[in-house]
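The residues making up each chain are set out below.
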Amino acid sequence: MRYLIFTDIHGNFEAFQAVLKAVQKKRIDHYIFLGDLVGYGASPNEVIARILTLKPLSIVRGNHDKAVSGLDSVQTFNPIAASAIFWTKKAIARKHLDFLARLKQSPEVVQGSITICHGAPFDEDYYIFGEFDASEAFRYIQTQVCFFGHTHFPYVYVEKDGSVEGTFLEGDASEVRLEKGVRYLVNPGSVGQPRDRDPRSAYAIYDSGARTIKFYRVEYDIEETKRKILAEKLPPALAERLSLGI
Ligand SMILES: [Fe+2]
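Draft legend 1. Main features of the overall build of the protein. When helices and strands are counted, the protein shows 8 helices and 12 strands. A globule of 246 residues ought to have a C-alpha radius of gyration of about 18 Å, and the protein, at 17 Å, matches this closely. C-alpha extents for the protein along the principal axes are approximately 50 × 35 × 30 Å. Each of the 246 residues in the protein was classed as buried or not, and the buried ones make up 45%.

Okay, here's the thing in structure tokens:
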């Protein structure tokens, strides 16, 4: 089976479309989304309508999805992120709001073999940054592979012989080959708001038959996304950061 593993679209419809176009010829069997459909970007309704057409195998909720649907307060958000939450609450269609409110809390084990979460398997809102966090996360994972989002950095943590090592997955077409007796904690990077100074959209494809995870980047129409953010009078910093990939 070939799975598209993607996360953190954040209302960026152009980035999402570019990813879907890029994978058209990559034979995707299932779609797995790790949370944060909305927040920051100006196209929450378009993003939700589009993801529903894919009939994803699983979608778990992100902290922005929770904040927009009223399941969480914006107190932990910085002022710019919070103002985007308030804008999204006004702009979102009722049926899409209901959809966000019903999204599952992670972690979840998909098809008995893939653990997924938004932040960390022990706390959906926790940021896994570094090997200390990853070591703790592995204690909560029963499968060989776990995918997470939330940090917006493409990264793999490998647990082998009791020690954990992290690697940043730079650029396009990095590949991880799964070895027996080794476990993997993997972030595909963000579709709609990359923060690793590469402004291109990030996603990964997990091939359970070939035992590989491949990481990709794709360019999208950033200028159009920025234009929409500014037109909706969202904070201009949200437009500017997209060009810088921060
Ligand atoms: Fe996010």
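Draft legend 2. Seen up close, the sheet that holds strand E8 (residues 163-168). Taken in spatial order, the 6 strands line up as E4-E5-E6-E10-E7-E8 in an open sheet, and their pairing is mixed. Unpaired on one side and paired on the other, strand E4 (108-110) and E8 mark the two borders of the sheet. Within this sheet the neighbouring strands show an average axis-to-axis angle of 20°, counted without direction. Pairing analysis gives 6 bridges linking strand E7 (residues 154-160) to E8, with the strands arranged antiparallel. The partner of Val158 across the bridge, within E8, is Glu165.

Draft legend 3. Structural detail: the sheet that holds strand E1 (residues 2-6). Pairing within the open sheet is mixed, and its 6 strands lie in the order E3-E2-E1-E11-E12-E9. The two strands at the open ends of the sheet, each matched to only one other strand, are strand E3 (58-59) and strand E9 (174-177). Relative to E3, strand E2 (residues 30-33) runs parallel, the two being bridged by 2 bridges. Its bridge partner lying in E3, Phe33 is registered against Ile59.

Draft legend 4. Main features of the environment of Ile28. Inspection of the secondary structure assignment puts Ile28 in the loop between helix H1 (13-22) and E2. Exposure remark for Ile28: the 15 C-beta atoms within 10 Å place this residue in the partly exposed category. With 177 residues separating them along the chain, Ile28 and Ile205 place their C-alpha atoms 8.2 Å apart. Once residues lying within four places of it in the same chain are set aside, the contact partners of Ile28 are Arg2, Leu4 and Val23.

Draft legend 5. Region of interest: helix H8 (residues 236-244). Residues Leu238, Ala239 and Leu242 constitute the buried set of H8. Buried residues of H8, viewed axially, fall in a sector of 100°; they line one side. In H8, those exposed residues whose orientation departs by more than 90 degrees from the buried face are Pro236, Ala237, Ser243 and Leu244. Note on H8: the residue one or two positions beyond its end, Gly245, has a positive phi of about 70°.

Draft legend 6. Local environment of the environment of Val164. Here Val164 lies in strand E8. Apart from residues lying up to four places away in sequence, Val164 is in contact with Glu131, Ala134, Ser135, Phe138, Tyr157, Val158 and Glu159.

Draft legend 7. Seen up close, the packing of helix H7 (residues 222-231) against H8. With their axes 8 Å apart at the nearest point, H7 and H8 run at an angle of 170° to one another. In terms of orientation, H7 lies roughly antiparallel with respect to H8. Along the contact surface, H7 presents Ile222, Thr225, Lys226, Ile229 and Leu230, while H8 presents Pro236, Leu238, Ala239, Leu242 and Ser243.

Draft legend 8. Quick look at helix H6 (residues 131-138). Within H6, burial applies to Asp133, Ala134 and Ala137. Here the buried residues of H6 occupy an arc of 100° about the axis, which is enough to place them on one side.

Draft legend 9. Spotlight on the nonpolar core. Ranked by internal contacts, the top residues of the largest apolar core, which has 64 residues, are Ile5, Phe147 and Tyr203. Sorting elements by how many residues they give to this core places H1 first, with 6 residues. Discounting chain neighbours no more than four positions away, the residues touching Phe147 are Ile5, Ile32, Leu34, Ile114, Ile116, Val186 and Pro188.

Draft legend 10. Expanded view of unusual backbone geometry. The amide bond that connects Ser106 to the next residue, Pro107, takes the cis arrangement and shows omega of 15°. Of note, Pro107 is situated in the loop between helix H5 (94-101) and E4. Positive phi, close to 60°, is recorded for Lys233, a residue that is not glycine. Looking at where Lys233 falls in the secondary structure, it is placed in the loop between H7 and H8.

Parameters at a glance
- Residues numbered from 1 in each chain as written.
- Predicted model: local features only at pLDDT ≥ 70, side-chain atom pairs only at ≥ 80, totals over all residues.
- Helix = DSSP H or I, 4+ residues; strand = E, 2+ residues; numbered from the N terminus.
- Rg over C-alpha atoms; globule rule 2.2 N^0.38 Å.
- Buried ≥ 20, exposed ≤ 12 C-beta atoms within 10 Å, placed from the backbone.
- Pairing = 2+ DSSP bridges.
- Axes fitted to C-alpha atoms, helices over the stretch in contact; angles between N-to-C directions.
- Contact = placed C-beta atoms within 7 Å.
- Arc of directions from axis to C-beta.
- Parallel < 35°, antiparallel > 145°, perpendicular 65-115°, else oblique.
- Core = buried A, V, L, I, M, F, W, Y, C linked by C-beta atoms within 7 Å.

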